Amino acid sequence: MSVRTTFVPFVVPQADPPGTEIKDIKIEDIAAKLKSVCGADSVERVETEHKGDPFIVLKTEKLHEVVNYLRDDSEFRYIYPSVIAATDFLAVEEGEEKKPGRIEVVYVLFSLKNKHQLTLKVCLDRKEPEVQSVADLYRAANWYERECFDMVGVHFKGHPDHKRILLPEDWVGYPLRKDYEFPQEYNGMKVPL
Amino acid sequence: MIVTDEGHFQTDELTINMGPQHPSTHGVLRVELLSDGEIVKGAYPDIGYLHRCFEKHSENREYVQAIPFADRMDYVAAMNMELGMCLAIEKLLDHEIPERAQYIRVIVAELNRIASHLLAVGTYCIDIGAFTPFLYAFRDREQILRIFEEICGARLLYNYIRPGGVSRDLSRGMVEKIREFCKYFRPLLEEFSQLVSGNIIFVKRTANIGVVPLDKAISYGFSGPNLRGSGYSWDLRKDMPYCGYEKFDFNVCVGEGENGVIGDSWNRYYVRVKEMLESIKILEQAVEQIPDGLHTAKVPKALKPSGEVYYATECPRGALGYYIVADGTKKAHRIKAKSPCFISTSSIDEMCSGMMLADVVAYLGSIDIVLGEVDR
Amino acid sequence: MSALKEYFGNIFTAVKTVSKGMSITGRAFLKSNGMIKNQGGYNYGAGPVTISYPEVKDDIPSISRNRLFNHVEGCIACNQCAVICPVECITIESRRKTPEENPDERTPENFGNKPVKLKLLQFDIDEALCCFCGLCTEVCPTECLVHTTEYEYSKYDRDSLNYDYLRFKDDNPFPK
């Protein structure tokens, strides 16, 4: 057994002093800036109609480039990772709003300079969810992405230590999916319910 | 003993299991240590022994039924867990919280912060080897648990803060009891700090150990006393205030590098001691200013919020956040709890390589993890 | 010469810090004997802090959430407690009343005098599963389901913690 690297030892960006007031940055301005820098197809849509936080939906292939730009740009400086979570949505077949099934991965970033919280989303296919890992941009993304893989089954390309974290290594299935069935047996032992 | 050609003894690496049952790991945490003699070359934490599926349970239950599950995550500071969840749910509703309810929530959350910090520093001292401060801390914590039993009926898992307010009002005489507790606790906190903080053995054991530089702390997403111990003045109660905290006058305690370097374990411990004093200040002000009124807003029995929100509040261990996806029905579609201890545990890997074996224990105690919150 | 100075300096520091620590523990010892009083006037800690349980028991407040009890003469079988329980530990079975059974029956005065329309067949609470959250006592409309202050009810067998409140027979006396 020898020493194994479980994280990407990249050079972290400099820390900013904390901002003095909460800046009100419009999410449409951020989306426009992203379109001009990373390409017009990187932002798919901006949703502000619902109650709560507005968010930007990105194109899956451009995620790493967009997050890299948001972290390093001198005006935005989103250097603080709040959370990375994954949600499973089943397909809605009947009714007026037909929606396909999808898995959404949510990235909530925070800028200490502007005291602004930004929510980004990526929508993935339910059969083969795959996205580029941001573990080489934030140290915290390492374990957050392992948990998303463990619970929902999202594959992160380029993650240094891609294995289950909370459940045992030989568990079958992804519990937080909506069509998950509880197993009756584990390694020959009956599971009490 | 095998002697190599240069005349040195041939050494080998030893894999030591700091196993799930261990008195110093604050719960069921397994750390695989790869050690070359006394120096640790790699420390790989392994969690999941206390996973109780909070997120799956909360998808099958209504919001009011999910609150007892939320306070079982971090069982030491349960009021702050419930407060975070209720504030996140209230962002999706339109009700206005009455002022008396906000003051009661602040009083209860600050009392729980003192109790949680007492447990943190008490168990840190016993990990280092000092038995007396542990008992002093728990003697004072017992008073707080008795006050909680008279407020809501339970000592550790309260189920008191609900969306809209709190579940029952403070009875007559509670305010007087809390005032007396503050008068009793101030000199005892001073005595505790005199006993432990300047003690030469404690200082030699914890200063310059586990130094977390500021830019790494921010990239990890540290928050709370861990980030303030590295010299960054960031407190969610002052910088993004909630629940009426803007009416109180208190300081943000930042580590200053006495007895060592900024960002070492002694500073993280001392920030906690100073924060207990600030909590007493907030309690005294809240108890003077509490108005009369309703203890809860009129909230329908079956809550049906809709929308998506991520909201973070200041827990004794860091910034606790809830990401709620609600679709307009009685049960939530997804509740994700972002726990600060999860991130602190992930930093063991990088920070503990190159330390000696006894310093791993000193680092683990200073980042103050509770495994119920790590595993949820 | 400086080595000698350092030697005596170390002895002096050691004696000073040890006496500072011992004075704090000495003061705690004298407080527990009652020889000196607490600052702030609070009575706690004036004697030994521990009490000799089980001979001496502490008083617990009356709103304390310990074992549940259901007064079945006040129960109207509305099923609210079973629905709101987060761990589903309450089992209720009831049926419509036959015409022979008293259709105008009402609960006693201290339970709200509400009309009883259903006959209660089974009311079981599994105290081994109960999480003591208090939600069931908050929604009970007649307040017949209450938390008592009974906390000494350990059993050797997990199944004997499944209390049947229609035929309640317990070895502990009914809580005061």
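None of these values were measured; they are calculated from a predicted model. Each chain has its residues counted from 1, running along the sequence as written. Here the convention is simple: chains get letters from A, ligands get numbers from 1, in the order in which they are written. Given that the model is predicted, a residue must reach a pLDDT of at least 70 before its local features are reported, and side-chain atom pairs must reach 80 or more before they are shown or counted; all residues, however, enter totals for whole chains, interfaces and linings. Side-chain numbers come from the whole structure's heavy atoms, not from hydrogens or water.

What exactly am I supposed to notice about the layout of surface pockets here?
Any empty space left between the atoms is revealed when a probe the size of a water molecule rolls over them. Put simply, the grid is 1 Å and covers the protein atoms alone, a cavity is a trapped set of points that fit a 1.4 Å probe, a pocket is an open set with protein on both sides within 12 Å along at least five of seven lines, and lining residues have an atom within 4 Å of a point. Grid points are joined across faces, edges and corners, and a volume is the space filled by probe spheres set on the points. The calculated volume of the largest pocket comes to roughly 1100 Å³. For the largest pocket, the lining is made up of 38 residues, of which A:Phe182, B:His51, B:Arg52, B:Cys53 and B:His57 are closest to its centre. Only α3 (141–152) and β9 (189–190) of chain A together with α1 (54–59) and α2 (63–71) of chain B provide two or more residues apiece to the lining of the largest pocket. Only runs of H or I of at least four residues qualify as helices and only runs of E of at least two qualify as strands under DSSP, and these elements are numbered from the N terminus. Looking at the lining of the largest pocket, the element that brings in the most residues is α1(B), giving four residues. Residue classes in the lining of the largest pocket are distributed as 24 nonpolar, four polar and 10 charged. A volume near 990 Å³ is recorded for the second largest pocket. Lining the second largest pocket are 38 residues, with B:Arg162, B:Ser167, C:Leu135, C:Glu138 and C:Val139 sitting closest to its centre. Only α2 of chain B together with α2 (80–84), α3 (135–139) and β4 (145–147) of chain C provide two or more residues apiece to the lining of the second largest pocket. Per-element tally for the lining of the second largest pocket: the top contributor is α3(C), with four residues. Taken together, the residues of the lining of the second largest pocket sort by class into 18 nonpolar, 12 polar and eight charged. Note that Gly is not counted as nonpolar here; it falls among the polar residues with everything else outside the nonpolar set of Ala, Val, Leu, Ile, Met, Phe, Trp, Tyr, Cys and Pro and the charged set of Asp, Glu, Lys and Arg.

Explain the nonpolar core here, please?
When a protein is soluble and globular, its nonpolar side chains tend to lie buried together. To form a nonpolar core, buried Ala, Val, Leu, Ile, Met, Phe, Trp, Tyr and Cys residues must be joined to one another through side-chain atoms within 4.5 Å. Any residue under 20% of the maximum accessible area for its type is buried, any over 50% is exposed, and the rest in between are partly exposed; the area is computed with a 1.4 Å probe on protein chains only. Counting 174 residues, the largest nonpolar core has A:Ile56, A:Leu70, A:Tyr107, B:Tyr160 and B:Tyr322 as its most contacted members. Judged by nonpolar contacts, the second largest core, of 23 residues, contains C:Cys81, C:Cys85, C:Phe123 and C:Cys140.

Can you walk me through the pairing of strand β3 (residues 80–89) of chain A in this structure?
Regular strands place their side chains on alternate faces of the sheet. Residues and elements named next belong to chain A. Extensive coverage of β3 is indicated by the burial of 10 of its 10 residues. Summarising the sheet, β3 and strand β4 (residues 102–111) pair through nine bridges and their orientation is antiparallel. Paired with Asp88 across the strands is Ile103, a residue of β4. Note: two strands are recorded as paired if DSSP finds a minimum of 2 bridges between them.

Any chance you could explain empty space enclosed by the protein here in plain terms?
Residue and element names in this part refer to chain C. Taken as a whole and assessed by the stated rule, the structure comprises eight cavities of 30 Å³ or more. Its boundaries defined by the atoms lining it, the largest cavity holds a volume of some 100 Å³. The wall of the largest cavity is formed by 16 residues, among which Cys75, Cys78, Cys81, Cys140 and Cys144 lie closest to the centre. Of the residues assigned to the lining of the largest cavity, the class counts are 12 nonpolar, four polar and no charged.

It is not clear to me how the pattern of salt bridges should be interpreted in this structure. Could you clarify?
Side-chain pairs of opposite charge can arise where the charged atoms are in close proximity. For this analysis, a salt bridge means a side-chain nitrogen from Lys or Arg found within 4 Å of a carboxyl oxygen belonging to Asp or Glu. Within this structure, the stated rule accounts for 51 salt bridges over all chains. Ionic pairing is found between B:Arg146 and C:Asp58, a salt bridge with its closest N-O pair at 3.1 Å. Taken together, the residues B:Arg146 in helix α5 (residues 132–152) and C:Asp58 in the loop between α1 (2–33) and β1 (68–70) connect one chain to another. For B:Glu191, the salt bridge is made with C:Arg27, and the minimal N-O distance between the two is 3.4 Å.

Hey, could you run me through the sheet that holds strand β2 (residues 90–96) of chain C in this one?
Whether parallel or antiparallel, the strands of a sheet pair through hydrogen bonds between backbone atoms. Residues and elements named next belong to chain C. Across the sheet, which stays open at both edges, the three strands sit in the order β2-β3-β5 with antiparallel pairing between neighbours. The open sheet has two edge strands, β2 and β5 (162–164), and neither has a second partner. On average, adjacent strands in this sheet sit at an angle of 15° to one another, irrespective of strand direction. Across seven bridges, β2 lies against strand β3 (residues 118–126) in antiparallel orientation. Fitting a line to C-alpha atoms yields each axis, with helices limited to the stretch in contact; the angle taken between N-to-C directions then spans 0 to 180 degrees.

I would appreciate a short explanation of the interface of chain B and chain A in the present structure.
By a frequent convention, interface size equals the accessible area lost on bringing the separate parts together. Between chain B and chain A, the contact holds 51 residues from the first and 54 residues from the second. On the chain B side of the contact with chain A, B:Ser219, B:Glu308 and B:Tyr310 bury the most area, a combined 13% of that side's loss. Between chain B and chain A we count eight salt bridges in total. Between A:Arg4 and B:Glu32 there is a salt bridge, and its shortest N-O distance comes to 4.0 Å. Polar contacts, as counted here, are pairs of nitrogen or oxygen atoms within 3.5 Å of one another; within protein the pair requires one atom able to donate a hydrogen and one able to accept it, and residues that are adjacent in sequence qualify only if both atoms are side-chain atoms. Applying the counting criterion to the chain B and chain A interface returns 22 residue pairs in polar contact (both at pLDDT 80 or more). With six residues, helix α8 (residues 214–220) of chain B is the single largest residue contributor to the side of chain B that touches chain A. Residues that form the side of chain B that touches chain A fall into these classes: 20 nonpolar, 12 polar and 19 charged. Any two residues having at least one pair of non-hydrogen atoms within 4.5 Å are treated as being in contact. As a working definition, buried area equals the accessible area (1.4 Å probe) given up by two parts on being put together, with both sides summed.

Explain the sheet that holds strand β1 (residues 43–47) of chain A to me, please; I cannot follow it from the model alone.
Residues and elements named next belong to chain A. Read across the open sheet, the five strands follow the order β1-β2-β5-β4-β3; overall the sheet is mixed. For this open sheet the edge positions go to β1 and β3, each flanked by a neighbour on one side alone. Neighbour-to-neighbour, the strand axes of the sheet open up by a mean angle of 20°, direction not taken into account. Where β4 meets strand β5 (residues 116–124), nine bridges bridge the pair, whose relative direction is antiparallel.

Sorry, what's going on with the state of the cysteines here?
Note that a disulfide, as used here, is simply two cysteine sulfur atoms within 2.5 Å. Taken as a whole and assessed by the stated rule, the structure comprises zero disulfides over all chains. Free of any disulfide, B:Cys352 has its nearest neighbouring cysteine sulfur in B:Cys341, separated by 16 Å. Looking at C:Cys85, it has no disulfide partner, and the nearest cysteine sulfur is the one in C:Cys89, 3.7 Å off.

In this structure, what is going on with the packing of aromatic side chains? I would like to understand it.
To describe a pair of aromatic rings, you give the distance between the ring centres and the angle between the ring planes. Residue and element names in this part refer to chain B. For Phe, Tyr and Trp, where Trp contributes only its six-membered ring, two rings pair if their centres lie within 6.5 Å, and the inter-plane angle classes them as stacked under 30 degrees, edge-to-face over 60, or tilted in between. Going through the model one piece at a time under the given rule, you end up with 27 aromatic pairs over all chains. On the numbers, 4.7 Å between centres and 45° between planes, the contact of Phe134 with Phe138 is tilted. Of the two residues, Phe134 and Phe138 both sit in helix α5, four residues apart, roughly one turn of that helix. One aromatic cluster in this structure is built from Tyr103, Tyr242, Tyr245, Phe248 and Phe250. We count a charge as sitting over a ring when the NZ of a lysine or the CZ of an arginine lies within 6 Å of the ring centre and within 35 degrees of the ring normal. The ring of Tyr136 carries Arg139 above its face, with NZ or CZ at 5.0 Å from the centroid.

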